[in-house]
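Architecture at a glance
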Amino acid sequence: MALCTKMVASLVLASILLFHLTQADELMSFDGAPSPSPQAPTIDCGVACQGRCKLSKRPNLCKRACGSCCSKCNCVPPGTAGNREQCPCYANLTTPKKVHKCP
């Protein structure tokens, strides 16, 4: 009788553990990382690039390049030049010739 009670108790504990593991697995993505949180809101690239390119000698070219970078990175550094450390993705995009793509 005591052996039967211990066996039932161990089966109950094992089923609780199995249930817990399956619940935890549902909260994880396939690669083992936690499920991503909702994405940050997108910025208005047109307005951001207009501000970034307002002092450019070639504003149309600047806005086109800036818009391309903004759409990929969802970020435009503040000001008309520099400040690339504020947006690392924007700063690291390059052309095939390894020249900075983003103004």
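Refer to the structure above for everything that follows.
What you see is a predicted model, and the numbers here were worked out from it, not measured in a lab.

Concerning the overall build of the protein
- Along the backbone of the protein there are four helices and zero strands.
- In the protein, the succession of α and β elements from N to C terminus is α-α-α-α.
- Buried positions account for 16% of the 103 residues belonging to the protein.
- Taking all contacts inside the protein whose residues are at least 6 apart in sequence as the whole, residues at least 24 apart take part in 42%.
- Put simply, the protein shows about 8200 Å² of open surface, and 65% of that area lies on carbon and sulfur atoms.

Topic: the nonpolar core
- Counting residues in hydrophobic clusters, the biggest one holds twelve residues: C45, C49, C53, C62, C66, C69, C70, C73, V76, C87, Y90 and C102.
- Here the element with the most residues in this core is helix α3 (residues 59-73); it accounts for five residues.
- With residues up to four places along the chain from it excluded, the contact list for C69 reads N74, Y90, L93, K101 and C102.

Quick look at α3
- The first and last C-alpha atoms of α3 sit 20 Å apart over 15 residues, in line with the 21 Å expected at 1.5 Å per residue.
- Inspection of α3 places C62, A65, C66, C69, C70 and C73 among the buried residues, and these make up the whole buried set. Along the long axis of α3, the arc covered by the buried residues comes to 135°, so they all point the same way. The exposed residues of α3 that point more than 90 degrees off its buried face are N60, R64, S71 and K72.
- The secondary structure elements touched by the buried residues of α3 are α2 (45-52) and α4 (88-92).
- Of the residues one or two after α3, N74 is the one with positive phi, at around 55°.

Quick notes on the environment of A65
- With respect to the helices and strands, A65 occurs in helix α3.
- In sequence terms A65 and P103 are 38 residues apart; their C-alpha atoms lie 6.9 Å from each other.
- If sequence neighbours within four positions are ignored, A65 has contacts with K101 and P103.

Overview of the state of the cysteines
- Per the counting criterion, the structure on display carries six disulfides.
- One disulfide in the model links C73 with C89; its S-S distance is 2.1 Å. Between C73 and C89, the S-S dihedral sits near -70°, and the bridge is therefore left-handed. Residue C73 is located in helix α3, and its partner C89 is located in helix α4; the two are separated by 16 residues in the primary sequence.
- The exposure class assigned to C89 is partly exposed, which follows from its relative accessible area of 37%.
- Looking at the protein, its bonded cysteines, counted consecutively from the start of the sequence, adopt the pairing 1-7, 2-5, 3-4, 6-12, 8-11, 9-10.

What counts as what
- Residues numbered from 1 in each chain as written.
- Predicted model: local features only at pLDDT ≥ 70, side-chain atom pairs only at ≥ 80, totals over all residues.
- Heavy atoms only, no water.
- Helix = DSSP H or I, 4+ residues; strand = E, 2+ residues; numbered from the N terminus.
- Buried < 20%, exposed > 50% of the residue type's maximum accessible area, 1.4 Å probe, protein only.
- Contact = heavy atoms within 4.5 Å.
- Areas by Shrake-Rupley, 256 points an atom, 1.4 Å probe, with all protein chains shown as cover.
- Core = buried A, V, L, I, M, F, W, Y, C linked by side-chain atoms within 4.5 Å.
- Expected span 1.5 Å × (residues − 1).
- Arc of directions from axis to C-beta.
- Disulfide = S-S within 2.5 Å.

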